[in-house]
Amino acid sequence: MAKDLLNVKNLSIQYSTDEGVVKAVDNMTFEIGVGETIGIVGETGAGKTTTALGIMQLVPNPPGKIVQGEVIFKGEDLLKKNDEEMRKIRGNKISMIFQDPMTSLNPVMTTEDQIAEVILLHQDVDSKEAKEKARDMIETVGIPRERGKEYPHQFSGGMRQRIVIAIALACNPELLIADEPTTALDVTIQAQVLKLMKRLKEDFETSMIMITHDLGVVANICDKVAIMYTGYVVEYAKVRDLYNNPLHPYTQGLFGSIPNVEADEKRLNPIKGLMPDPTEVPEGCPFNPRCPKVMDVCKSVLPQRVEVEDGHYVNCHLYPPEEYQK
Ligand SMILES: Nc1ncnc2c1ncn2[C@@H]1O[C@H](COP(=O)(O)OP(=O)(O)OP(=O)(O)O)[C@@H](O)[C@H]1O
């Protein structure tokens, strides 16, 4: 069993809005071992990005606030670090890749200068060495090193995202957080970028959090997965266990929403209904109004996390703790 690099414990993050309080992340717990990748999956608004921002201490405050929890990175709680300490960690030990590469790149700076800037900030090298390392990174992500002299607009979308990956990996971070890194790209380019990320993660032994709404991406790249619904993790397991034996009706619904070519199904079975208004999440289990297996208890009592098989956790009244507690 890999040693834990990151332990997120009971993390809760809220936003105060004019409409009321949004519990964007509610009592979230997961861990990542060295070299391991976890997928965080959920529909839009489930709280995936807020989880990432919480780990990086980048939740905008106001309106956001971390109300409880711990984010233990290599034995130290990041939530207890000050701005200066966090600046040294971000981009160096923990990096983040966002959905749209254009928002992360500076349009008026050459790509090699942008990578070199990060290296200079965190490593004890002069600018010539930093530039050389930057060109090495450009080559590592599959772009000819001479193109480092070019500006972001001279690259295609897929190449820009490769540059963003090069920036994120420039200081060989121990943890990479990728927030829907391929969503803005064409399907064929998506596959190439994912393949690249998978290879780099293995070469550099980087641990990774992959935020996505795509279960295919998870199957491809992740070791573990947390399924989120309205800020709340409903199921958490090794990828293989979750795919072989999805327990939560919401997870089962997500699988029912994927076209299955082999089964030659005529129609999909999308989950009925919509995610609730984030300021008016239903009492009890937040999924209860959409759940095909809803019981009375689901409408008033929030289910607790139960370990149904080794390392496979679910929050659902169909799995009462007394039956599964060892
Ligand atoms: N700055 C903010 N102010 C108020 N509410 C916010 C803010 N940022 C996020 N939220 C709310 O918090 C909840 C979680 O949002 P978050 O962006 O973390 O979800 P997500 O799962 O990453 O969604 P997406 O896939 O669309 O990025 C949503 O209800 C969202 O409206």
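These numbers come from a predicted model, not from an experiment. Every chain begins its residue count from 1, and numbering advances along the sequence as written. Per-residue local features are limited, in this predicted model, to residues with pLDDT of at least 70; the limit for side-chain atom pairs, both in listing and counting, is 80 or more; totals at the level of whole chains, interfaces and linings are taken over all residues. Remark: hydrogens and water are excluded; side-chain values derive from all non-hydrogen atoms of the structure.

**Things to note about the site of the ligand**
Around the ligand, the structure places 15 residues, and the nearest of them are Thr44, Gly45, Lys48, Thr49 and Thr50. What qualifies as a polar contact is a pair of N or O atoms within 3.5 Å, subject to a donor-acceptor requirement within protein and to the restriction that residues adjacent in sequence count only when both atoms come from side chains. Backbone polar atom of Ala46 to an oxygen atom of the ligand: 3.1 Å apart, as the coordinates give it. One nitrogen or oxygen atom from the side chain of Thr49 is found 2.7 Å from an oxygen atom belonging to the ligand. We get accessible surface area from the Shrake-Rupley algorithm with a probe of 1.4 Å; when it comes to residues, only the shown protein chains can shield them. For the ligand, whose free accessible area comes to 630 Å², the fraction covered by protein is 69%. Each helix is a run of H or I in the DSSP string that is no shorter than four residues. Each strand is a run of E no shorter than two, and both are numbered from the N terminus. Breaking the shell around the ligand down by element, the ones donating at least two residues are β1 (4-17), β2 (20-33) and α1 (48-56). Looking at which element gives the most residues to the shell around the ligand, the answer is α1, with 3 residues. Think of it this way: one heavy atom of a residue within 4 Å of a molecule or strand is enough to make that residue near it.

**Re the packing of aromatic side chains**
Pairing of aromatic rings covers Phe, Tyr and the six-membered ring of Trp, with a centre-to-centre limit of 6.5 Å; geometry is then stacked below 30 degrees between planes, edge-to-face above 60, and tilted otherwise. All told, the structure shown has 6 aromatic pairs when counted by the stated rule. An angle of 20 degrees between the planes, with centres 5.9 Å apart, marks the rings of Tyr236 and Tyr313 as stacked. Taken as a pair, Tyr236 in strand β10 (residues 232-238) and Tyr313 in strand β12 (residues 312-315) lie far apart in primary sequence, 77 residues in all. Throughout this description, buried means an accessible area under 20% of the type-specific maximum (1.4 Å probe, protein chains only), exposed means over 50%, and partly exposed covers the range between. Note on Tyr236: relative accessible area 2%, which makes it buried. For Tyr313, a relative accessible area of 18% gives the class buried. Seen from their ring centres, Tyr250 and Phe287 are 5.1 Å apart, and the 65 degrees between their planes marks the pair as edge-to-face. One end of the pair, Tyr250, is in helix α10 (residues 249-256); the other, Phe287, is in the loop between α10 and β11 (305-309), with 37 residues separating them in the sequence. One exposure class covers both Tyr250 and Phe287, and it is buried.

**Observations regarding the packing of helix α4 (residues 111-122) against helix α5 (residues 127-140)**
Where α4 meets α5, the closest approach of the two axes is 8 Å, and the angle between their N-to-C directions is 120 degrees. Taken together, the axes of α4 and α5 are oblique relative to one another. Here α4 runs over α5; the crossing is right-handed. Side by side, α4 and α5 meet where Thr111, Glu112, Asp113, Ile115, Ala116, Ile119 and Leu120 of the first sit next to Ser127, Ala130, Lys131, Lys133, Ala134, Arg135, Met137 and Ile138 of the second. Amino acid classes used here: Ala, Val, Leu, Ile, Met, Phe, Trp, Tyr, Cys and Pro are nonpolar; Asp, Glu, Lys and Arg are charged; the rest, including Gly, are polar. Taken together, the residues of the contact of α4 with α5 break down into 8 nonpolar, 2 polar and 5 charged. Angles run from 0 to 180 degrees between N-to-C directions of axes, and those axes are lines fitted to C-alpha atoms, restricted for helices to the stretch in contact. Throughout this description, any angle smaller than 35 degrees is read as roughly parallel, any larger than 145 degrees as roughly antiparallel, any in the 65 to 115 degree range as roughly perpendicular, and the remainder as oblique. Crossing handedness is defined as follows: a turn of the near helix away from the far one that is anticlockwise and smaller than a right angle gives a left-handed crossing, while the clockwise case is right-handed. Two residues form a contact once any of their heavy atoms are found within 4.5 Å.

**Describing the sheet that holds strand β3 (residues 37-41)**
We call two strands paired when DSSP finds no fewer than two bridges between them. Here we have 8 strands laid out as an open sheet, ordered β6-β7-β8-β3-β9-β10-β12-β11, and mixed in their pairing. The open sheet has two edge strands with one neighbour each: β6 (94-97) and β11. Across the sheet, the axes of successive neighbouring strands diverge by a mean angle of 20 degrees, strand direction being ignored. Two strands pair when backbone bridges link them, and strand β7 (residues 175-179) and strand β8 (residues 207-212) are joined in this way by 5 bridges, in the parallel orientation. By the bridge assignment for β8, Ile177 is matched with Ile209. The strands touched by helix α6 (residues 157-169) within the sheet are β6 and β7, with β6 carrying the most contacts at an inclination of about 170 degrees. The sheet contacts of helix α7 (residues 187-204) involve β3, β6, β7 and β8, and relative to β8 the element is tilted by about 160 degrees.

**Regarding the side chain of Lys48**
Mapped onto the elements, Lys48 comes out in helix α1. Charge convention: Lys and Arg are scored as positive, Asp and Glu as negative, and His as well as the terminal groups of each chain are ignored. Each salt bridge in this description consists of a side-chain nitrogen of Lys or Arg and a carboxyl oxygen of Asp or Glu lying within 4 Å of one another. This buried residue, Lys48, is left without a salt bridge; Glu180 holds the nearest opposite charge, at 4.3 Å. Leave out the neighbours within four places in its chain, and Lys48 touches Ile40, Val41, Gly42, Glu43, Glu180, Ile211, Thr212 and Met228.

These figures capture arrangement, not role.
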